[in-house]
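# Tertiary structure, described
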Amino acid sequence: MAIIKEIIKWILIFAGVLIIQTIMIPKIAIFGIYPDLVFIVLFVVSVQYGIMAGIWCGFFVGLLIDVFSAGILGANALAKTLIGGCAGFLERKNILIEPILLLILLLFVLIIHDIIIYIPNIYAENASAAELPRFLFFNSLPRAIYTVATATILFIISDLLFALKIRR
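Residues numbered from 1 in each chain as written. Predicted model: local features only at pLDDT ≥ 70, side-chain atom pairs only at ≥ 80, totals over all residues. Heavy atoms only, no water.

It is worth spelling out the packing of aromatic side chains at this point. Counted according to the given criterion, the structure contains five aromatic pairs. Judged by centre distance (5.9 Å) and plane angle (80°), the rings of Trp10 and Tyr49 are edge-to-face. In this pair, Trp10 is assigned in helix α1 (residues 2–23) and Tyr49 in helix α2 (residues 37–49), connecting sequence segments 39 residues apart. Note on Phe59 and Phe60: the rings are 5.3 Å apart at their centroids and 70° apart in plane angle, and the pair reads as edge-to-face. Here the aromatic residues Trp56, Phe59 and Phe60 are joined through ring pairs into a cluster of three or more. (Phe/Tyr/Trp six-rings, centres within 6.5 Å; stacked < 30°, edge-to-face > 60°. Helix = DSSP H or I, 4+ residues; strand = E, 2+ residues; numbered from the N terminus.)

Spelled out as structure tokens, the structure:
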């Protein structure tokens, strides 16, 4: 019964984050680049609950994004499944990782995620693979940095709220 409550809780969190991602986040875009809150939540779930949780959450959230986006169907599902599973190796029950290292890993996996999504688009649009470095430098890296900065702020706020909750 407890696992069902946990699953329902994370479904509601992902639904809320997807709504915020589509409605509010574009308003804080800088030169068309905005943070990926869904990815932050997927990363947190993967690190908190492990490989299988990361794989399943990544697949379903990625598939949901694919259904409602104009990209190639399955590209987000594949990318988020792989990244969720890989981030799940960092499960907090098994490994104690410093927060700064987690943020560096978040930056790294965001770039890998974008590469996984971009490669099928190269073939679908008959584009040149030579565009990949330009895409990474001008699109993926700024988005990853913005997402990591947003994650840092969110992690600091959650740590402060958790500390206040313990004091009560």
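On to the side chain of Thr81, then. Within the element layout of this structure, Thr81 appears in helix α4 (residues 75–88). Filtering out sequence-adjacent residues up to four positions away, Thr81 remains in contact with Ile55, Gly58 and Phe59. (Contact = heavy atoms within 4.5 Å.)

Taking 1.5 Å as the rise per residue, helix α5 (residues 99–124) with 26 residues should run 38 Å; its terminal C-alpha atoms sit 38 Å apart, in good agreement. Of the residues making up α5, those classed as buried are Leu102, Leu103, Leu106, Val109, Leu110, His113, Asp114, Ile116, Ile117, Tyr118, Asn121 and Ile122. Just downstream of α5, Asn126 is the residue with a positive phi angle, here 50°. (Expected span 1.5 Å × (residues − 1). Buried < 20%, exposed > 50% of the residue type's maximum accessible area, 1.4 Å probe, protein only.)

Membership of the largest hydrophobic core comes to 31 residues, with the highest contact counts inside it found for Phe14, Phe43 and Leu106. Residue assignment for this core shows that the elements contributing at least two residues are α1, α2, α3 (51–68), α4, α5 and α6 (132–167). The biggest single contributor to this core is α2, with nine residues. Contact partners of Phe43, with chain neighbours within four places excluded, come to Ala87, Leu90, Leu102, Leu105, Leu106 and Val109. (Core = buried A, V, L, I, M, F, W, Y, C linked by side-chain atoms within 4.5 Å.)

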